[in-house]
Amino acid sequence: MTTKEAMPSIEAELYELSMPGRLLGKEVLDSRARRIGIVRSVRIGLHPTRSELIVKGAEVEFPVDFSKVETVGTVVQLNSVVKDAEEIEVHDVIRLQKEVLDDIRSYLGGP
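Residues numbered from 1 in each chain as written. Predicted model: local features only at pLDDT ≥ 70, side-chain atom pairs only at ≥ 80, totals over all residues. Heavy atoms only, no water.

## Description of the overall build of the protein
Part 1 of the argument: Helix and strand content of the protein: one helix and seven strands.
Part 2 of the argument: Overall, the protein shows an N-to-C arrangement of helices and strands of β-β-β-β-β-β-β-α.
Part 3 of the argument: For the protein, the C-alpha atoms occupy an extent of roughly 60 × 40 × 25 Å along the three principal directions.
Part 4 of the argument: Long-range pairs, those at least 24 residues apart, make up 54% of the contacts in the protein between residues at least 6 apart in sequence.
Part 5 of the argument: Accessible area for the protein stands at about 7200 Å²; split by element, carbon and sulfur atoms hold 54% of it. (Helix = DSSP H or I, 4+ residues; strand = E, 2+ residues; numbered from the N terminus. Contact = heavy atoms within 4.5 Å. Areas by Shrake-Rupley, 256 points an atom, 1.4 Å probe, with all protein chains shown as cover.)

Structure (structure tokens):
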């Protein structure tokens, strides 16, 4: 008799090395056009397979499944309302971009 062992979950977070990048640092707007944060990273997972954006907002970080992304252009437009995030201002976007860039530099061991 053979039993299937549960496959362990595998996750990876992906970052870009430029700010803003093709995704990293872009403003994220919900379906009501409220600016709710910026893209901090992309997370992929296996077992179960999933891909999501990690959005950094004011005092909160949260995952957004790629199925909720409507378009990616100068901003990332979602096709749903995000109730758990407050709307942020342009000066918050600049501050958040700097925080994410500083985090990436610290991961890489640079100044």
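Having seen it, we continue.
## Here's the deal with the environment of Val-28
Part 1 of the argument: Looking at the element boundaries, Val-28 is found in strand β2 (residues 27-29).
Part 2 of the argument: With sequence-adjacent residues up to four places away left out, Val-28 is seen in contact with Arg-34, Arg-35, Ile-36, Gly-37, Ile-38, Val-39, Val-55, Val-76 and Leu-78.

## Description of a nonpolar patch on the surface
Part 1 of the argument: Judged by side-chain polarity, Leu-17, Tyr-107 and Leu-108 come together as a nonpolar surface patch covering roughly 400 Å² of accessible area.
Part 2 of the argument: Relative to the elements of secondary structure, Tyr-107 occurs in helix α1 (residues 90-108). (Patch = residues over 30% accessible without salt bridge, like charges linked within 9 Å, V, L, I, M, F, W, Y side chains within 5 Å. Salt bridge = Lys/Arg side-chain N within 4 Å of Asp/Glu carboxyl O.)

## Comments concerning the pairing of strand β4 (residues 50-57)
Part 1 of the argument: Burial analysis of β4 places six of its eight residues in the buried class, the great majority of the element.
Part 2 of the argument: Summarising the sheet, strand β3 (residues 35-46) and β4 pair through seven bridges and their orientation is antiparallel. Pairing of Val-39 across the sheet is with Val-55, part of β4.
Part 3 of the argument: Between the end of β3 and the start of β4, which pair antiparallel, lie three residues, with His-47 showing a positive phi angle near 65°.
Part 4 of the argument: In terms of strand pairing, β4 meets strand β5 (residues 60-65) through six bridges, oriented antiparallel. Following the sheet pairing, Glu-52 is matched in β5 by Asp-65.
Part 5 of the argument: Counting the residues in the hairpin turn of β4 and β5 gives two residues, including Glu-59, whose phi is positive at 65°. (Buried < 20%, exposed > 50% of the residue type's maximum accessible area, 1.4 Å probe, protein only. Pairing = 2+ DSSP bridges.)

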